[in-house]
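# Understanding the architecture of this molecule
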Amino acid sequence: AAAASVQYARTLGAAVGTTLLGGALFGTLAAGDPQVAELFGRLVREGAALLPTLPAATRQALQEGLSLAFRVGFLMAAALAALGAWLAWRVPVRRV
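Below or above, wherever it landed, is the structure these notes cover. (Residues numbered from 1 in each chain as written. Predicted model: local features only at pLDDT ≥ 70, side-chain atom pairs only at ≥ 80, totals over all residues. Heavy atoms only, no water.)

## Some points on the overall build of the chain
Within the chain, the secondary structure is distributed over three helices and zero strands. Put simply, the chain runs from its N terminus to its C terminus through helices and strands in the order α-α-α. Relative to the globule expectation of 12 Å for 96 residues, the C-alpha radius of gyration of the chain, 19 Å, shows a markedly less compact shape. For the chain, the spread of C-alpha atoms along the principal axes amounts to about 65 × 25 × 20 Å. Looking at the chain residue by residue over its 96 residues, the buried ones come to 17%. By sequence separation, contacts in the chain at least 24 residues apart represent 54% of the contacts at least 6 residues apart. Summed over its atoms, the accessible surface of the chain is roughly 7300 Å², and 69% of this surface lies on carbon and sulfur atoms. Seen as two clouds, the 8 positive and the 4 negative side-chain charges of the chain have centres 25 Å apart. (Helix = DSSP H or I, 4+ residues; strand = E, 2+ residues; numbered from the N terminus. Rg over C-alpha atoms; globule rule 2.2 N^0.38 Å. Buried < 20%, exposed > 50% of the residue type's maximum accessible area, 1.4 Å probe, protein only. Contact = heavy atoms within 4.5 Å. Areas by Shrake-Rupley, 256 points an atom, 1.4 Å probe, with all protein chains shown as cover. Lys, Arg positive; Asp, Glu negative; His and termini not counted. Charge placed at Lys NZ, Arg CZ, Asp CG, Glu CD.)

In structure tokens:
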């Protein structure tokens, strides 16, 4: 039963972390330039073959938008890791 509860907690934590990071990533992308968000949707649907057909300025705007979104995502991941480390440090040590 202990192994199952540990696995459940890990799965739940992974789901929450994925939700938070995905929300931060795509929320940042959507909050920026709406054209970049729409272009990212097209890129996901059509694949990398779309990139050579784009003008250089559009590719640059897409790169900047994605760079900002991933920067926010990685900062959020670092904050979640720090929170997890702090919570783990606060767990009392018990000898079995």
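Here the narrative resumes.
## Some thoughts on a nonpolar patch on the surface
A contiguous nonpolar patch, built from Y8, L12, V16 and L20 and spanning about 390 Å² of accessible area, is present on the exposed surface. Structurally, the position occupied by V16 is in helix α1 (residues 2-31). Accessibility expressed as a relative area gives 43% for V16, which makes it partly exposed. (Patch = residues over 30% accessible without salt bridge, like charges linked within 9 Å, V, L, I, M, F, W, Y side chains within 5 Å. Salt bridge = Lys/Arg side-chain N within 4 Å of Asp/Glu carboxyl O.)

## What to know about the packing of α1 against helix α2 (residues 34-46)
Running from amino to carboxyl end, α1 crosses α2 at an angle of 125 degrees, the nearest separation of the two axes being 6 Å. Overall, the two elements α1 and α2 adopt an arrangement that is oblique. Here α1 contributes F26, L29 and A30 to the contact with α2, which in turn contributes V36, A37 and F40. Within the contact of α1 with α2, the residues separate by chemical class into six nonpolar, no polar and no charged. (Axes fitted to C-alpha atoms, helices over the stretch in contact; angles between N-to-C directions. Parallel < 35°, antiparallel > 145°, perpendicular 65-115°, else oblique. Nonpolar A, V, L, I, M, F, W, Y, C, P; charged D, E, K, R; others polar.)

## Examining the nonpolar core
Core analysis: the largest hydrophobic core is formed by eleven residues, namely L25, L29, V36, L39, F40, L43, L50, L54, L62, L66 and A69. Those elements that provide at least two residues to this core are α1, α2 and α3 (56-90). The greatest single-element share of this core, amounting to four residues, is contributed by α2. (Core = buried A, V, L, I, M, F, W, Y, C linked by side-chain atoms within 4.5 Å.)

## Concerning α1
Since the α-helix packs 3.6 residues into each turn, any two residues three or four apart lie on the same face. Between its terminal C-alpha atoms α1 stretches 43 Å, which fits the 44 Å expected from 30 residues at 1.5 Å a residue. When α1 is considered as a whole, its buried residues turn out to be G17, A24, L25, T28 and L29. Contacts made by the buried residues of α1 are with α2 and α3. (Expected span 1.5 Å × (residues − 1).)

## Thoughts on the environment of Y8
Looking at the element boundaries, Y8 is found in helix α1. Each C-alpha atom, one on Y8 and one on G27, is 28 Å from the other, the two residues being 19 residues apart in sequence.

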